[in-house]
Amino acid sequence: MYKILLADDDYLVLEYLNKMIPWGDLGFEVVGLCEDGQQALNLVAEKQPDVIMTDIGMPHTDGITLIKQVNKEHPKVKSIFLTCFDDFLYAQEAIRLGSFDYILKETMDSESITTMMIRLKSELDKTQFNHKALNNMKFLIKENLTLLRSKLLERLLVGDSRVIADWLKKHEHELELDFTYRNCIPIISFIDDYEELVTSRFSADTLKFAVDNLITETVGRTGKGFCLFHKEDTFFIIYAQDGNVSELDARQAVEDINANLRSYLKLSITSIIGGACTFPEGLSNELNTMLDSSEQRFYLAHGSIAKLNESRFSTHYPLHSMDMNEEVKRLLIREDQVGLQDWVYHWATFISAHQFQPNLVKKWVLSLLLDLEKMLQSLQNFESHSIDSVVHRSIDRSKTAKQLTRRLLERLSHDAMRMKEINHLPKKTEIMKAQKYVLLNMDKKITLSDVAEHLHLNPSYFSRMFKQHTNMNFVDYVNHMKMEEAKKLLDHTSESVESIADKLGFESKSYFLKVFKKYYGTSPVEYRQGVRIE
């Protein structure tokens, strides 16, 4: 459906045109009725019409002036003139402005206008078809160019200088690149929030082409160079200038690129600047080093620019991580959304300060979420389930600490809502209170009498009620929860068996050993020997 704007200072003419012409049947939609040229000019920017049908003689801004202005700002808009004057000079001016047609009001009728609009639609359809064909051709050319440049990157990463030189010589014209420089600086860049962008705003190919075009245009203003996409959100910028090129030059180029990306595409890139090298001989080693060090991105703020360094992340598993997990459990049990947000903020600060190895951090987050999932399940029907595969993928594919932090907070907020739903399940309040008491006092000796007293219930009555609603004896429930905690401590800490037994409120090591073997068929020491301690 094409959009048409009608402009005439005679209201009756506007009404006639609007109501007597079957616009919808002809493939047009009337998007505005204007009684003077200035009003029409203001409406053009807002409505973006394909056609303007306008009277020539109007107050404020006449039709000729209106179309002259529209032609400057929106040259693709078609125009049709209406006039009461059978004056050849007006017709000449209309033709000179590229008007589609010229109609005298004295002779116009719905039939003649309908015939004219059918011709106009045919022309618009033809123009639209040609435009699409041209865009498709440009897309294919760009796609082939991108494929060819990806082959260039493959050869650069392999690093055979003789093969690279021969290949460049063979495809120099097709690559549409300027290689008239000796020195360059490679930059590895990452599109921030890539997954969110390709989900909500761009297709993967459209995003790649848009970023490539904008970078090429920006780099061309201050120097020479080109863009080579590696995969998904990762690409290289090869930046050069006539003569020597400095890190400061490269940094300024990336700042200009980021400014334009934010302005035109509403996105940013995080970049790491490599060392100056010869082109193409010295480029291979530098590109491979940058790829190997790409995890440096994890703790960088979005849109930042850093110098390449071989990151030395901490691989030491934080000994107090289990205490941090327990704190999250307590906040979740209390449905403390504000407390959870504060915890995530401090956690993000903590991992950034210690620069833990990114995969270790993600593993830690997944372990926490699995732990919370088991706790939530224990409050419902005591069936353990793994966390949702979608959540697992979103955590595992987090490229930055900021992205991981956001996804962790989303999951904890989701779990807090689940806790609220669990609290409203048709289940005796006393059972829920008893389970929460156990979860909040794992470091103490927990007896049936203690919990019954806490709930102001007769111990025998509480025991029968707990078994009826959970299909489990209360003592078995306590031991099961403590054994799950013991296994985690054995898996992720180097604490002694005696220390773990004491931490879980067991009065004797021997009783702890007996209960552990009952649940897992092996002793804690034998279990730990089969587990790699992080």
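Residues numbered from 1 in each chain as written. Predicted model: local features only at pLDDT ≥ 70, side-chain atom pairs only at ≥ 80, totals over all residues. Heavy atoms only, no water.

### Concerning unusual backbone geometry
Step number 1: In the segment running from Phe279 into Pro280, the intervening peptide bond is cis, with an omega of -5 degrees.
Step number 2: Residue placement: Pro280 occurs in the loop between β10 (277-278) and α11 (283-292).
Step number 3: For Glu232, which is not glycine, the phi dihedral falls at a positive 45 degrees.
Step number 4: Considering the arrangement of structural elements, one finds Glu232 in the loop between β7 (224-231) and β8 (234-240). (Helix = DSSP H or I, 4+ residues; strand = E, 2+ residues; numbered from the N terminus.)

### Quick look at the side chain of Ser99
Step number 1: As for its placement among the helices and strands, Ser99 is situated in the loop between α5 (88-96) and β5 (101-104).
Step number 2: Overall, the relative accessible area of 15% leaves Ser99 in the buried class.
Step number 3: A distance of 3.1 Å separates a polar atom in the side chain of Ser99 from the backbone oxygen of Ser79.
Step number 4: Looking at Ser99, its side chain comes within polar contact range of the main-chain oxygen of Asp101, at 2.7 Å. (Buried < 20%, exposed > 50% of the residue type's maximum accessible area, 1.4 Å probe, protein only. Polar contact = N/O pair within 3.5 Å; in protein donor to acceptor, adjacent residues only side chain to side chain.)

### Some words on the layout of surface pockets
Step number 1: Estimated volume of the largest pocket: approximately 360 Å³.
Step number 2: Around the largest pocket sit 18 residues that line it, and Phe190, Ser294, Glu295, Arg297 and Lys399 are the ones nearest its centre.
Step number 3: For the lining of the largest pocket, the secondary-structure elements that each account for two or more residues are β7 and α14 (358-378).
Step number 4: Per-class residue counts for the lining of the largest pocket are four nonpolar, five polar and nine charged.
Step number 5: Each pocket or cavity is described by its volume, and for the second largest pocket that value is around 290 Å³.
Step number 6: Around the second largest pocket sit Tyr2, Gln48, Pro49, Asp50, His74, Lys76, Val77, Lys78, Leu124, Thr127, Gln128 and His131, which together line it.
Step number 7: Ranked by the residues each element gives to the lining of the second largest pocket, the list is headed by helix α6 (residues 110-158), at four residues.
Step number 8: Looking at the lining of the second largest pocket residue by residue, the classes come out as four nonpolar, five polar and three charged. (1 Å grid on protein atoms, 1.4 Å probe; cavity = no way out; pocket = protein on both sides within 12 Å on 5 of 7 lines; lining within 4 Å. Points joined across faces, edges and corners; volume = space filled by probe spheres on them. Nonpolar A, V, L, I, M, F, W, Y, C, P; charged D, E, K, R; others polar.)

### What to know about empty space enclosed by the protein
Step number 1: Tallied over the entire structure, the rule returns three cavities of 30 Å³ or more.
Step number 2: Of the voids in this model, the second largest cavity is the one considered here, and its volume is about 60 Å³.
Step number 3: Lining the second largest cavity, in full, are Thr146, Arg149, Ser150, Asp212, Cys227, Leu228 and Phe229.
Step number 4: Taken together, the residues that form the lining of the second largest cavity break down as three nonpolar, two polar and two charged.

### Structural notes on the pairing of β8
Step number 1: Among the seven residues that make up β8, seven are buried, leaving the element largely enclosed by the rest of the structure.
Step number 2: Alignment of strand β6 (residues 183-191) against β8, held across six bridges, turns out to be antiparallel. Along β8, the bridge assignment pairs Ile185 with Tyr239.
Step number 3: Where β7 lies against β8, seven bridges are found, and the strand directions are antiparallel. (Pairing = 2+ DSSP bridges.)

### Concerning the pattern of salt bridges
Step number 1: Tallied over the entire structure, the rule returns 33 salt bridges.
Step number 2: Residue Asp193 is joined to Arg406 by a salt bridge in which the shortest nitrogen-to-oxygen separation is 3.3 Å. With Asp193 in the loop between β6 and α8 (194-200) and Arg406 in helix α16 (residues 401-423), the pair connects residues that are 213 residues apart, well separated along the chain.
Step number 3: Note that Lys329 and Glu326 form a salt bridge whose closest N and O atoms lie 3.6 Å from each other. Placement of both Lys329 and Glu326 in helix α12 (residues 321-333) is noted, with a separation of three residues, approximately one turn of the helix.
Step number 4: On the accessibility criterion, Lys329 (8% relative accessible area) is buried.
Step number 5: Exposure remark for Glu326: the relative accessible area of 18% places this residue in the buried category.
Step number 6: Each member of the salt-bridge network shares a partner with another, and the members are Asp193, Glu195, Glu196, Glu232, Arg397, Arg406 and Arg407. (Salt bridge = Lys/Arg side-chain N within 4 Å of Asp/Glu carboxyl O.)

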